[in-house]
Amino acid sequence: MQQFAEPMARLIEELRKLPGIGSKSAQRLAFHILRASNEDADALSGAIRDLKAQLRLCSICNNVTDVDPCVFCSSPTRNQRLVCVVEEPTSIHSIEKTRGYNGVYHVLHGTLSPLNGIGPEQIRIANLLSRVRAQGDDKDAKQEVDEVILATSPTIEGEATASYLATALRVANSQIRITRIATGIPAGADIEYADEVTMARAMDGRREI
Ligand SMILES: [Zn+2]
């Protein structure tokens, strides 16, 4: 005999797929939702449905957005010629918190990790390279990007990704300035958890590679 009625078992099973949610937490959440008002339950399911229906990736920088291009890529007040490469959309918030950065972003959605089978094809590199590639053969053509800041985390995967990108960017456009954020962030740490002062120092102290 099944322990829970079918709709309850189904919700528990779905909640269990979320990160950090074990069987016990999934059961607690499911029973909480069962006891909640119809309005609250509808608001939760509606928020999940709208998230999937309305959010997509910016076609220029891969940031998660409800408008394409995203607010950064379409902003007339941001420096569109300065591009900061980050691992995840959440990294953008760490950098925005410093209030010291006025450029735009490129989101990779991951890092290179050969041991886990994640190579250059598995993360979003292609549209970064096409973005910095010099326009056609016209020597007078405007270069759209002056500097690319590699702001991947100082972890083994983050460093490997930064050095791979430095080479690939150099090949795509030899004129471009390529910098790496300073190691104000402790080695092995995730930039998502860097405090504002550390992150601001890391950006200020970036060096050419
Ligand atoms: Zn964008």
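Let me begin by describing the structure that accompanies this report.

Per the stated rule, a full pass over the model turns up three aromatic pairs. Seen from their ring centres, F72 and Y105 are 5.2 Å apart, and the 75° between their planes marks the pair as edge-to-face. Of the two residues, F72 is situated in the loop between β2 (64-65) and β3 (79-86) and Y105 in strand β4 (residues 103-107); the sequence distance between them amounts to 33 residues. Taken as a pair, F72 and Y105 share a single burial class, namely buried. Aromatic pair Y101 and Y105: ring centres 5.3 Å apart, planes at 55°, arrangement tilted. Residue class for Y105 comes out buried when judged on its relative accessible area of 1%. One aromatic cluster is present, built from ring pairs that chain together F72, Y101 and Y105.

Of the volumes computed, that of the largest pocket is approximately 440 Å³. Taken together, 15 residues line the largest pocket, and the ones lying closest to its centre are L11, E14, L15, I33 and I48. For the lining of the largest pocket, the secondary structure elements donating two or more residues are α1 (6-16), α2 (23-35) and α3 (38-54). Sorting elements by how many residues they give to the lining of the largest pocket places α1 first, with six residues. Considered class by class, the residues forming the lining of the largest pocket number eleven nonpolar, one polar and three charged.

Turning our eyes to something else, we now look at the pairing of β4. Where burial is concerned, most of β4 is hidden: five out of the five residues are buried. Looking at chain direction, β3 and β4 are connected through five bridges and run parallel. Bridge assignment links V85 to a residue of β4, and that residue is H106. With helix α4 (residues 89-96) bridging β3 and the parallel β4, this β-α-β connection has right-handed handedness.

Basis of the calculations
- For every chain, the first residue of the written sequence is number 1, and numbering continues from 1 along that sequence.
- Whole-chain, interface and lining totals are the exception, using all residues; otherwise, since this is a predicted model, local features are given only for residues with pLDDT of at least 70 and side-chain atom pairs are given and counted only at 80 or more.
- The basis for the side-chain values is all heavy atoms of the structure; hydrogens and waters are excluded.
- What counts as a ring pair is set by centres within 6.5 Å for rings of Phe, Tyr and Trp (its six-membered ring), and what kind of pair is set by the plane angle: stacked under 30 degrees, edge-to-face over 60, tilted for all other angles.
- The secondary structure listing takes helices from DSSP runs of H or I that are at least 4 residues long and strands from runs of E that are at least 2 residues long, numbered from the N terminus.
- We call a residue buried when its accessible area falls under 20% of the maximum for its residue type, exposed when it is over 50%, and partly exposed in between, using a 1.4 Å probe and counting protein chains only.
- Cavities and pockets are defined on a 1 Å grid built over the protein atoms alone: a cavity is a set of grid points where a 1.4 Å probe fits but cannot escape, while a pocket is an open set with protein on both sides within 12 Å along at least five of seven lines, and lining residues are those with an atom within 4 Å of any such point.
- Grid points are joined across faces, edges and corners, and a volume is the space filled by probe spheres set on the points.
- Classification convention: Asp, Glu, Lys, Arg as charged; Ala, Val, Leu, Ile, Met, Phe, Trp, Tyr, Cys, Pro as nonpolar; all other residues, Gly among them, as polar.
- Any two strands with at least two DSSP-identified bridges between them are counted as paired.
- Throughout, right-handed denotes a crossover for which the path from the first strand over the helix to the second runs clockwise when the strands point away from the viewer.

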